[in-house]
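Observations on the model geometry
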Amino acid sequence: MFYRENGQFKTTYAADQQIFPIAQDRIAILAILVLAFVVVPMSVSDYTFQAVLIPFLIMALAAMGLNILVGYCGQISLGTGAFMAVGAYAAYNLQVRIEGMPLLLSLLGGGLCAMLFGVVFGLPSLRIRGLYLAVATLAAQFFMDWLASRAPWVTNNSSSGSVSAGQLSIAGWVIDTPAEKYLLCLGLLCVLGLLAKNLVRSATGRNWMAMRDMDVAASVIGIRPVYAKLSAFAVSSFIVGIAGALWGFVHLGAWEPAAFSLDRSFQLLFMIIIGGLGSIMGSLFGAAFFVLLPLVLTHVPHWLGLPLSTASATYIEHMVFGALIVFFLIVEPHGLARLWSTAKQKLRLWPFPH
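Residues numbered from 1 in each chain as written. Predicted model: local features only at pLDDT ≥ 70, side-chain atom pairs only at ≥ 80, totals over all residues. Heavy atoms only, no water.

This part takes up the overall build of the chain. Counting its regular elements, the chain contains 14 helices and four strands. Taken over the C-alpha trace, the chain has a radius of gyration of 21 Å; the compact-globule value for 354 residues is 20 Å, and the two agree within 12%. Its C-alpha atoms put the chain at 65 × 60 × 45 Å along the principal axes. Per-residue burial over the chain gives 43% buried out of 354 residues. Relative to all contacts within the chain whose residues are 6 or more apart in sequence, the contacts with residues 24 or more apart total 73%. Mean positive and mean negative side-chain charge positions of the chain (19 and 14 charges, respectively) differ by 12 Å. (Helix = DSSP H or I, 4+ residues; strand = E, 2+ residues; numbered from the N terminus. Rg over C-alpha atoms; globule rule 2.2 N^0.38 Å. Buried < 20%, exposed > 50% of the residue type's maximum accessible area, 1.4 Å probe, protein only. Contact = heavy atoms within 4.5 Å. Lys, Arg positive; Asp, Glu negative; His and termini not counted. Charge placed at Lys NZ, Arg CZ, Asp CG, Glu CD.)

Set out below in structure tokens:
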């Protein structure tokens, strides 16, 4: 009886078009932000930051970028790992080649380079789609793997092929503790998530969704496929590139080309499928699912006193992952976000059965 929109009248267009039109949602989001920015940094251990929260935030950001391309615009991509690698290596080169380069500008520069890279490999989407487009974007993955391992200037002439990020600092604030790295990732996720949410609600977002539903009909009513598809590739690659730079600079600290392999691209694709295509919230759910489930599968046997070797635990983890993916595709193909939406709808109607 408490989750109702009855009586919450709107007197302006801005109030009617706000992201969270129900007051209870606004209160809940405010409480979550206070919990995430204030309570969590003061109460969580360093291990939880490094093993759970920071990977979750970065993967959620990358999944959100991929969801814009696949979920909202309907353009299949298997080169997300390559776009993350471009963002990471571009940010690294900006740091080592430009003295005193600010961290935020390096991250944004990595995102812009990934955006240009994504637009180039998005050009085939103007002529092909579906499985053929997936293969075309897969070429970006192989190209970036080859470039990072064969072009010495990408790794600043590193003989081993691995690079390491320098000290992280923003306007004199040195970011060296796990809590500070968590706050940096959380702040970027909130800012880019808000921008993405408003973008998909705008005319550009409606063009993407029209192109996803039926591109021929969208062209007939005046939507330009060139603008719609390439803008989706640009925005998606920009967000994914920033996520890749954060993955290298904040989470790994030092990395090599294998850190952004094809497995990363498939992992992000599975995230948005399980979390929910065409949903910003679904990206968060999918990232949480993929980050938390391995930890649960690793610790549960120990809690139950079952002696499992590391290899057996890895095999069981892969089997459970595959079974859950198939289960969600059959039972709820719209992902965890649809379950969340259904639960909210039932709360709005409770206690009435209809």
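What follows is about the nonpolar core. Leu-61, Tyr-182, Leu-246 and Trp-255 are the most contacted members of the largest nonpolar core, which has 94 residues in total. Here the element with the most residues in this core is helix α3 (residues 46-72); it accounts for 17 residues. Those residues within four positions of Tyr-182 in sequence are excluded, and the remaining contacts are Ala-36, Val-40, Pro-41, Phe-49, Leu-53, Ile-54 and Leu-57. (Core = buried A, V, L, I, M, F, W, Y, C linked by side-chain atoms within 4.5 Å.)

Positioned with a positive phi, Asn-156 is a non-glycine residue whose angle comes to about 60 degrees. Within the secondary structure, Asn-156 is located in the loop between α6 (131-150) and β1 (163-164).

This part is about helix α2 (residues 23-43). Helix length check: α2 (21 residues) gives 29 Å between terminal C-alpha atoms against 30 Å at 1.5 Å per residue, within 8%. Helix geometry: α2 is bent most strongly at Leu-35, by close to 35 degrees. Regarding α2, the residues found buried are Asp-25, Ala-36 and Val-40. (Expected span 1.5 Å × (residues − 1). Bend = angle between axes of the 7 residues up to and from the residue.)

Turning our attention to the packing of α2 against helix α7 (residues 178-200). In a pair of packed helices, the angle between the axes and the distance between the axes together describe the arrangement. Between α2 and α7, the shortest axis-to-axis distance is 10 Å and the interhelical angle comes to 170 degrees. Here α7 runs roughly antiparallel to α2, going by the angle between their axes. Two secondary-structure elements touch here, α2 through Leu-33, Ala-36, Phe-37, Val-40 and Pro-41 and α7 through Ala-179, Tyr-182, Leu-183, Leu-186, Gly-187 and Cys-190. Tallied by class, the residues present in the contact of α2 with α7 amount to 10 nonpolar, one polar and no charged. (Axes fitted to C-alpha atoms, helices over the stretch in contact; angles between N-to-C directions. Parallel < 35°, antiparallel > 145°, perpendicular 65-115°, else oblique. Nonpolar A, V, L, I, M, F, W, Y, C, P; charged D, E, K, R; others polar.)

So, on to the packing of α3 against α7. Where α3 meets α7, the axes come as close as 10 Å, and the angle between the chain directions of the two elements is 20 degrees. The orientation of α3 relative to α7 falls into the category roughly parallel. Of the two elements, α3 crosses α7, and the hand of that crossing is left-handed. Contacts from Asp-46, Phe-49, Gln-50, Leu-53, Ile-54, Leu-57, Ile-58, Ala-60, Leu-61, Met-64, Ile-68 and Tyr-72 in α3 reach Pro-178, Ala-179, Lys-181, Tyr-182, Cys-185, Leu-186, Leu-189, Leu-192, Gly-193, Ala-196 and Val-200 in α7. (Left-handed = near helix turned anticlockwise from the far one by under 90°.)

This part covers helix α12 (residues 280-303). Between its first and last C-alpha atoms α12 spans 34 Å; for 24 residues at 1.5 Å apiece the expected length is 34 Å, and the two agree. At Leu-292, α12 shows its largest kink, close to 25 degrees, and the proline Pro-294 lies no more than four residues downstream. Every buried residue of α12 is listed here: Ile-280, Gly-282, Ser-283, Gly-286, Ala-287, Phe-289, Phe-290, Val-291, Leu-293, Pro-294 and Pro-301. Along its buried surface, α12 packs onto α3, α7, α11 (262-275), α13 (310-331) and α14 (336-349). With a side-chain oxygen lying 3.4 Å from the backbone nitrogen of Met-281, the N-terminal cap of α12 falls on Ser-279. (Polar contact = N/O pair within 3.5 Å; in protein donor to acceptor, adjacent residues only side chain to side chain.)

This part covers the pattern of salt bridges. Evaluation of the coordinates by the stated rule reveals three salt bridges. Residue Lys-344 pairs with Asp-25 through a salt bridge whose shortest N-O separation is 3.6 Å. Placement of Lys-344 in helix α14 and of Asp-25 in helix α2 is noted, with a sequence separation of 319 residues between them. A salt bridge links Arg-129 to Asp-215, with the nearest nitrogen and oxygen atoms 2.7 Å apart. One end of the pair, Arg-129, is in the loop between α5 (103-122) and α6; the other, Asp-215, is in helix α9 (residues 215-220), and 86 residues separate them in sequence. (Salt bridge = Lys/Arg side-chain N within 4 Å of Asp/Glu carboxyl O.)

With that out of the way, let us pick up the side chain of Ser-279. In this structure, Ser-279 sits in the loop between α11 and α12. Judged by relative accessible area, Ser-279 falls into the buried class, the value being 16%. For Ser-279, the side chain forms a polar contact with the main-chain nitrogen of Met-281, separated by 3.4 Å. Leave out the neighbours within four places in its chain, and Ser-279 touches Asn-67, Tyr-72 and Ala-337.

Counted by the stated rule, this structure contains 12 aromatic pairs. When the ring of Phe-285 is compared with that of Trp-340, the centres are 6.2 Å apart and the planes differ by 70 degrees; the resulting orientation is edge-to-face. With Phe-285 in helix α12 and Trp-340 in helix α14, the pair connects residues that are 55 residues apart, well separated along the chain. Aromatic ring contacts, followed pair by pair, group Phe-83, Phe-117, Phe-121, Phe-143 and Trp-146 into a single cluster. (Phe/Tyr/Trp six-rings, centres within 6.5 Å; stacked < 30°, edge-to-face > 60°.)

Attention shifts here to the environment of Phe-20. Within the element layout of this structure, Phe-20 appears in the loop between α1 (13-16) and α2. Not counting chain neighbours up to four residues away, the residues in contact with Phe-20 comprise Asp-25, Arg-26 and Ile-29.

Inspection of the secondary structure puts Ser-164 in strand β1. Counting along the chain gives 89 residues from Ser-164 to Gly-253, while the straight-line C-alpha distance between them is 5.7 Å. When residues no more than four places from it in sequence are discounted, the contact partners of Ser-164 are Tyr-92, Gly-253 and Ala-254.

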